[in-house]
Amino acid sequence: MKQSQLFLTTLRETPADADVVSHQLMLRAGLIRQFTAGVYTFLPLGLRVLSKIEAIVREEMDAAGAQEVLLPAVQTEDIWDQSGRSEDYGPDMFRLRDRHDRRMVLAPTHEELITQLVRNEVRSYRQLPVTLYQIQTKFRDEPRPRGGLLRMREFRMKDAYSFDLDEAGLDRSYQAMFDAYCRIFDRIGIAYRAVDADPGAIGGEGGTHEFMVLSDAGEDTIAGCTGCSYAANVEKAAGQALAKADGAAVPPRERMATPGVRTIEDLVQMLGVKASQIIKVIVYLADGQPVAVCLRGDHEVNEVKLKNVLGARHVEVAPADAVERLCGRPVGFVGPDVNLPVWFDRDVWSVADGVAASAEPGYHDVHVLPGRDFEVGRTADLRMVADGDRCQHCGSPLRFFRGIEVAHVFKLGTKYSSVFRATYLDERGQERVIQMGCYGLGTSRVIAAIVEQCHDEHGIVWPMSVAPYRVHIVPVSVRDEQQMQVAKSLYHRLRAAGVDVLLDDRDERPGVKFKDADLIGLPVRITVGNKVAEGAVEVKLRRTGDVQVLPVEQAFETVLGLVHR
RNA sequence: CGGAAUGUAGCUCAGUUUGGUAGAGCGCACGGUUCGGGACCGUGAGGUCGCAGGUUCAAAUCCUGUCAUUCCGACCA
């Protein structure tokens, strides 16, 4: 492509609305333009990157035995009523009415539709297993779009669905997709980590992993073991249970006046104790029903774990007035003896000589010992892992990272297939429910993740695999005939060799061209300048800045080697 | 949905406090001088000041409402 013909405008200054580096650079480098919140146009350069990512995804899906389809993005809402997810998604779904006033949606994902499709097509065990995938535009009316392509309302995603005879088959299909994802991200060339995750609204009965690209711009926190390969989203992450404290020497409990206390910090100040000595109780509403959670003062409730333990659809901290009404005492004075169903975090046992709200409002007890001074009832791991926690597998310390969730694989089991009665007849003529898995990969989000990881102060530094063009030929002066002749010759020869090349044939000053070249970030730059008189050009690598001055012929060979490596 | 900020030229922003003819830099067009890391000089085009209503002789500026965008939180494959 000749740059003088390319529909590309780079921005010298950073647009004010862009806060995240990848967003800033994608706007400045002319990859995308925002239309409205969370909705973007892909310009030629941006589309080329998206297409290359999707091509890699397609190749690896095909190689893994998946077959491509294209499902409708416009769907009737009734299938969402059937699965119950219309309510789950709520306002996050774009809804519309057709001319017959029929309720329609723009699909946020496709489990419902594909399950129904497969129900209609598959009858016999002979037709299974099968994995289908598509690369689609998806719609989610996110409450808060963010960071350019990181969280969009209209976005691109590859989603695959596997259909198996039994759980063993599902395990194989799941592993095949997992492995394909690893190959995809390896080929793209970004640092990622597959982590244990919570299935969230997609649901399902089996395992699930998220593929995280490590980046401070990410919205998720990952706990990773420093000693072994364990890593998990903090929503899911569990550490070793803390050791049960030795309470033998704890004196009898004693009552202290603590007027006006509300927070753990208040208690720490007033009583001079450590937060880790305090036994706190937080009142939740689980699908509207009150439940108390008792845990150590320095620990934080993990609402996902709580939700899972309770089997609740939704949990939220009860508002202060609800706490007073339910417990008959203000926030800050609710103790483990509260007259509500109580769940205990397993690590309350680590407290000896603790502090807890007493039976009498306005007072706290000190020298409190779990089991002696209050009964520890139903117990589970209900808290977020924290600094200092140790890996449940190897005991090494856990560390925390931020990550961008670029893909997610689930074992769904029969969650959707049973609702939609997607069944088959086995060898013995018995009707059995299909085992499903689903596998999402956000192709547009991957672009943002790549740019987050691959940039420097001058601009984007594309990996060879997804660069919009692999080689940038920059003649310093388009009015120098010799330079232009060499530049054009290299351009045509590289193109003939199947290389994506961009030729900056614009009549601009060298500084402008170099700045643009760095901003756009093509991996290899051939600068054709003064040295052409001696038959030499420069080959510069964007990533390292390394420059080689080479005779034209050798430069051609070198570049071919670089781009095909 | 709660909290906050911002809407003025294509981009970055000043002007709003204290009402009085719409501004700068960059970008764009033209002419000239330049030409290996975002040149310089000159000329010029470009704006319903987010929108609606109100106050006023007069509103970018004051008041009310509304819409949009962004950030924090809640929420979220």
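Residues numbered from 1 in each chain as written. Chains lettered and ligands numbered in written order. Predicted model: local features only at pLDDT ≥ 70, side-chain atom pairs only at ≥ 80, totals over all residues. Heavy atoms only, no water.

## Some points on the overall build of chain A
Part 1: Check the secondary structure of chain A and you find 14 helices and 31 strands.
Part 2: Taken along its principal axes, the extent of the C-alpha atoms in chain A is 95 × 65 × 50 Å.
Part 3: Excluding contacts between residues fewer than 6 apart, the proportion of contacts in chain A whose partners are at least 24 apart in sequence is 69%.
Part 4: Per element, the accessible surface of chain A, about 25,300 Å² overall, is 47% carbon and sulfur. (Helix = DSSP H or I, 4+ residues; strand = E, 2+ residues; numbered from the N terminus. Contact = heavy atoms within 4.5 Å. Areas by Shrake-Rupley, 256 points an atom, 1.4 Å probe, with all protein chains shown as cover.)

## So, the confidence of the model for chain A
Part 1: Scored by pLDDT, chain A has a mean of 93; 99% of the residues are at 70 or more.
Part 2: In the predicted complex, the global pTM is 0.93; the interface-specific ipTM is 0.94. (pLDDT = per-residue confidence, 0-100.)

## Some thoughts on the packing of helix α2 (residues 44-63) against helix α6 (residues 167-188)
Part 1: At a closest axis distance of 9 Å, the pairing of α2 and α6 adopts a crossing angle of 145°. α6 is crossed by α2, and the crossing has right-handed handedness. From α2, I53, I56, V57, E59, E60 and M61 reach across to α6, where they touch M177, A180, Y181, R183, I184, R187 and I188.
Part 2: Looking at the contact of α2 with α6 residue by residue, the class counts come to 9 nonpolar, no polar and 4 charged. (Axes fitted to C-alpha atoms, helices over the stretch in contact; angles between N-to-C directions. Left-handed = near helix turned anticlockwise from the far one by under 90°. Nonpolar A, V, L, I, M, F, W, Y, C, P; charged D, E, K, R; others polar.)

## With respect to the domain arrangement of chain A
Part 1: Taken domain by domain, chain A consists of domain 1 (21-210 + 405-451), domain 2 (254-380) and domain 3 (471-564).
Part 2: The distance between the C-alpha centroids of domain 1 and domain 3 comes to 40 Å. (Domains from an automatic or database assignment.)

## Thoughts on the side chain of E142
Part 1: Turning to its location among the elements, E142 is positioned in the loop between β7 (130-139) and β8 (154-164).
Part 2: For E142, a relative accessible area of 15% gives the class buried.
Part 3: A distance of 3.1 Å separates the side chain of E142 from the side chain of R151, its partner in a polar contact.
Part 4: Residues within four places of E142 in sequence aside, it is in contact with R151, M152 and R153. (Buried < 20%, exposed > 50% of the residue type's maximum accessible area, 1.4 Å probe, protein only. Polar contact = N/O pair within 3.5 Å; in protein donor to acceptor, adjacent residues only side chain to side chain.)

## Notes on the nonpolar core
Part 1: Of all hydrophobic cores here, the largest spans 63 residues; its most connected members are M61, Y181, F185, I188 and W462.
Part 2: With 10 residues, the single largest contributor to this core is α6.
Part 3: Three or more residues apiece are contributed to this core by two domains, here domain 1 (21-210 + 405-451) and domain 3 (471-564).
Part 4: Residue contacts for W462: discarding those within four places in its chain leaves L31, V49, I447, I450, V451, A467, P468, I520, G521, L522, P523 and R543. (Core = buried A, V, L, I, M, F, W, Y, C linked by side-chain atoms within 4.5 Å.)

## Observations regarding the packing of α2 against helix α11 (residues 443-453)
Part 1: Interhelical geometry of α2 versus α11 gives an angle of 110° and a closest axis separation of 9 Å. The orientation of α2 relative to α11 falls into the category roughly perpendicular. Considering the relative orientation of α2 and α11, their crossing is right-handed. Only T443, S444, V446, I447 and I450 of α11 make contact with α2, whose side of the interface consists of G46, V49, L50, I53, E54 and V57.
Part 2: In terms of residue class, the contact of α2 with α11 is made up of 7 nonpolar, 3 polar and 1 charged. (Parallel < 35°, antiparallel > 145°, perpendicular 65-115°, else oblique.)

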